[in-house]
Structure formats: C-alpha cells, structure tokens
Amino acid sequence: MSAAHPYWEVLDVLKRGRWVDLTHAFDGDIPHCEAFPPMQRTTLYAHAPDTGTRGHGFLAHQYQLVGQWGTHVDAGAHFVPGRRFLDEIPVTEMVLPLVVIDTSAACARDSDYCIGLADVQQWEERHGRIPPGAFVAMRSGWSQRWPSHARMHNRDAAGIAHFPGWSAEVLRMLREERGALAFGHETTDTDSGAAVSRGDVSLERYVLDTDAWQIELLANLDQVPEAGALVVASWPKPKAGAGFPARVFAIFPS
C-alpha cells in the first residue's frame, strides 16, 4: 500500500487482529432498568402490501424507546445538570485503551460482590499501571444471564435485587488517580442491585458528576483480554441527549 496513506495501513494491521462485539441486540423484551417502559416498534412501511401501517414497497420502522435501552451510553447530563450531553462528547473519546478487570469468579460466589481495590491492584501487578484515558470495564459474568429478566435482576423473596456493582473507592481511584475516561459493566446499573433496591445510585452519580461517561449492559467481555485491546464505542448524536443505545466493540491481536 502507498506510504502516502499510512492510516490505511493501520487499518490493515487492525483487520489482522480479532474483533469482538460487546453489544447485545435489542428488542422490546430485553432486560432493562425497571423504571423504564418497554420499547415499542411499529412497522410503518413493509415490503408486502397491507402489512405496514402507512404503506409498502420498502421497510421502515418507528421506534419508541427510552434513551437508556439495551447496551447504551450514559452521558454526564443523565444524572448531573451542567455536565456534557452526548453530542458534546468528542469522537476522540470513542476509541480508548480497554482495561477489563475480571471479578467473575468472585461474583459467581457472591452475587452482591462489589469490585475492590485488591482487584485493581492484582490487575496492575499482572499488566502494569492502568493507562490514562482508559475505558475500564468490570467483567462480572453477569451477561451470561441475558436475556432473562429474572436472572439479570436476581430478586429475592422480598423483592431485593442481587447483582454485582462497583465500589466508591475503586471509582475514585480509577477516575482521580489513573485518569480513566469511561467505565463499563454487564449489569443494568453502576451500583449493586442491593443498593439500587434501596434507592442508592450514588456511584453512578459520582461517575457522571466527574463528566466521565459509561456503557451499561456490555456483552462478551469474557472473549476479550484483560489488557492490550482497544475499545470502540459509538452512538447516535441526539442534540442534548443524555443516553442512547450504543454499538461497542473491542479490537486486539489475534
């Protein structure tokens, strides 16, 4: 390839690696935050006559859904007035080093497990210091429960949800000491299920108040190395939008 187009050569290198989709496909019956109504999809135009509400000859759907639907991005403005909206997050933040902290074994033993400083320290002992500007994902194994609503929320007889979450000390350390730009997890919330059940969403508020952004309901983190991958996270650009379904994938050497 011509040296006049070096970025094309970069793409050739990336294509020789492995690409893993970290995104769940969504429809109207996926697990979601129970505060939100289900998605509705209407077929306005269909290929066959008499099957679209407005006509036929091509296929077009109308979607009615909350922004935080499926694998989705949350901008700072989702929780905090004055923080960035989706259209204000630059594309330079959408391709980042991917750090995957694997807590799946601990979460299998304890569904209320919250990632601790020891988990981060062990990662850094194996891979070195977390780089500035990283996307840090907590791998809990929870996406293996998809698409079961009951198993994702994991409620007990009293209605309390039991799923893993982040901890305040880890988020502060990653954001304030390591300079992480974004966070991700497989569950519906940053906070643990038990915390969310009592109305405590302080950890999500902390993340978004720092003007970081996050991706919820990630998939396939078990197929991605703990270190060395890039993450590409993109989404539509609604004016003053607080959240939207996202398409997220990882690239790493095969």
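From a predicted model like this one, the values you see are computed outputs, not experimental measurements.

Some remarks on the packing of aromatic side chains
Thinking step 1. For the coordinates displayed, the defined rule picks out 5 aromatic pairs.
Thinking step 2. Measuring from ring centre to ring centre gives 5.5 Å for Trp19 and Phe249, while their planes differ by 10 degrees; the resulting arrangement is stacked. Placement of Trp19 in strand β1 (residues 18-21) and of Phe249 in strand β12 (residues 247-252) is noted, with a sequence separation of 230 residues between them.
Thinking step 3. We classify Trp19 as partly exposed; its relative accessible area is 40%.
Thinking step 4. On the basis of an interplanar angle of 85 degrees and a centroid distance of 5.6 Å, the ring pair of Trp166 and Phe183 is categorised as edge-to-face.

Side note on the sheet that holds strand β4 (residues 60-64)
Thinking step 1. If you walk across this open sheet you meet the 3 strands as β3-β2-β4, and the pairing is mixed. In this open sheet, the two strands that pair with only one neighbour each are β3 (55-56) and β4.

Here's the deal with the side chain of Thr23
Thinking step 1. Here Thr23 is to be found in the loop between β1 and β2 (40-46).
Thinking step 2. Relative accessible area serves as the criterion here: at 15%, Thr23 is assigned to the buried category.
Thinking step 3. One polar contact links Thr23 to Asp21, side chain to side chain, over a distance of 3.0 Å.
Thinking step 4. Of the polar contacts made by the side chain of Thr23, one reaches the backbone nitrogen of Val248; its length is 2.8 Å.
Thinking step 5. Residue contacts for Thr23: discarding those within four places in its chain leaves Thr71, Ala219, Ala246, Arg247 and Val248.

Observations regarding the pattern of salt bridges
Thinking step 1. Summed over the entire model, instances satisfying the criterion amount to 11 salt bridges.
Thinking step 2. A salt bridge links Glu226 to Arg126; its shortest N-O distance comes to 3.1 Å. With Glu226 in the loop between β9 (213-216) and β10 (229-234) and Arg126 in helix α3 (residues 117-127), this pair connects stretches of sequence that are 100 residues apart.
Thinking step 3. Between Arg198 and Asp200 there is a salt bridge, with its nearest N and O atoms 3.9 Å apart.
Thinking step 4. Of the residues examined, Arg198 reaches a relative accessible area of 62% and is grouped as exposed.
Thinking step 5. Its relative accessible area of 25% is what places Asp200 among the partly exposed residues.
Thinking step 6. Salt bridges linked by common partners bring Arg84, Glu93 and Asp211 together as one network.

So, the sheet that holds β1
Thinking step 1. Spatially, β1-β12-β10-β6-β7-β8-β9-β5-β11 is the arrangement adopted by the 9 strands of the open sheet, whose pairing is mixed. Either end of the sheet is taken by a strand with one partner, and the two such strands are β1 and β11 (243-245). Strand-to-strand twist across the sheet, computed as the mean angle between neighbouring axes with direction ignored, equals 25 degrees.
Thinking step 2. Note: strand β8 (residues 182-185) against β9, 3 bridges, orientation parallel. Bridging across to β9, Gly184 finds its partner in Ile215.

With respect to the confidence of the model for the chain
Thinking step 1. Of the residues in the chain, 99% reach a pLDDT of 70 or more, and the chain-wide mean stands at 97.
Thinking step 2. Confidence scores differ between elements of the chain, with helix α1 (residues 6-15) showing the lowest mean pLDDT of 94 and strand β7 (residues 135-139) the highest of 99.

Brief notes about the nonpolar core
Thinking step 1. In this structure, Leu22, Leu98, Phe135, Trp213, Ile215, Val224 and Trp235 are the most contacted members of the largest nonpolar core, which totals 26 residues.
Thinking step 2. If you list the elements that add at least two residues to this core, you get β6 (95-102), β7, β9, β10 and β12.
Thinking step 3. If you look at the next biggest cluster of nonpolar residues, it comprises 21 residues, including Trp166, Met173, Leu208 and Ala212.

Conventions adopted
Going along each chain's sequence as written, the residues are numbered from 1 onward. The model is predicted, so local features are restricted to residues of pLDDT at least 70 and side-chain atom pairs to those at 80 or more, both for listing and for counting; the totals for chains, interfaces and linings are taken over all residues. The side-chain values count all of the structure's non-hydrogen atoms but skip hydrogen atoms and water molecules. Pairing of aromatic rings covers Phe, Tyr and Trp, the last through its six-membered ring, and needs centres within 6.5 Å; plane angles under 30 degrees mean stacked, over 60 mean edge-to-face, and all others mean tilted. Secondary structure elements are taken from DSSP: a helix is a run of H or I of four residues or more, a strand is a run of E of two residues or more, and numbering for both begins at the N terminus. Here's how the labels work: a residue is buried when its accessible area is under 20% of the maximum for its type, exposed when over 50%, partly exposed in between, all with a 1.4 Å probe on protein chains only. Two strands form a pair only when DSSP identifies at least two bridges running between them. N or O atoms within 3.5 Å of each other form a polar contact, as long as, within protein, one can give a hydrogen and the other can take it, and as long as residues adjacent in sequence are counted only when both atoms are side-chain atoms. Whether two residues are in contact is decided by their heavy atoms: any pair within 4.5 Å suffices. Salt bridge criterion: a side-chain nitrogen from Lys or Arg within 4 Å of a carboxyl oxygen from Asp or Glu. Axes here refer to lines fitted to C-alpha atoms; in helices the fit is confined to the stretch in contact. Angles between the N-to-C directions go from 0 to 180 degrees. pLDDT is a per-residue confidence score from the predictor, ranging from 0 to 100. Side-chain atoms within 4.5 Å link the members of a nonpolar core, which is a set of buried Ala, Val, Leu, Ile, Met, Phe, Trp, Tyr and Cys residues.

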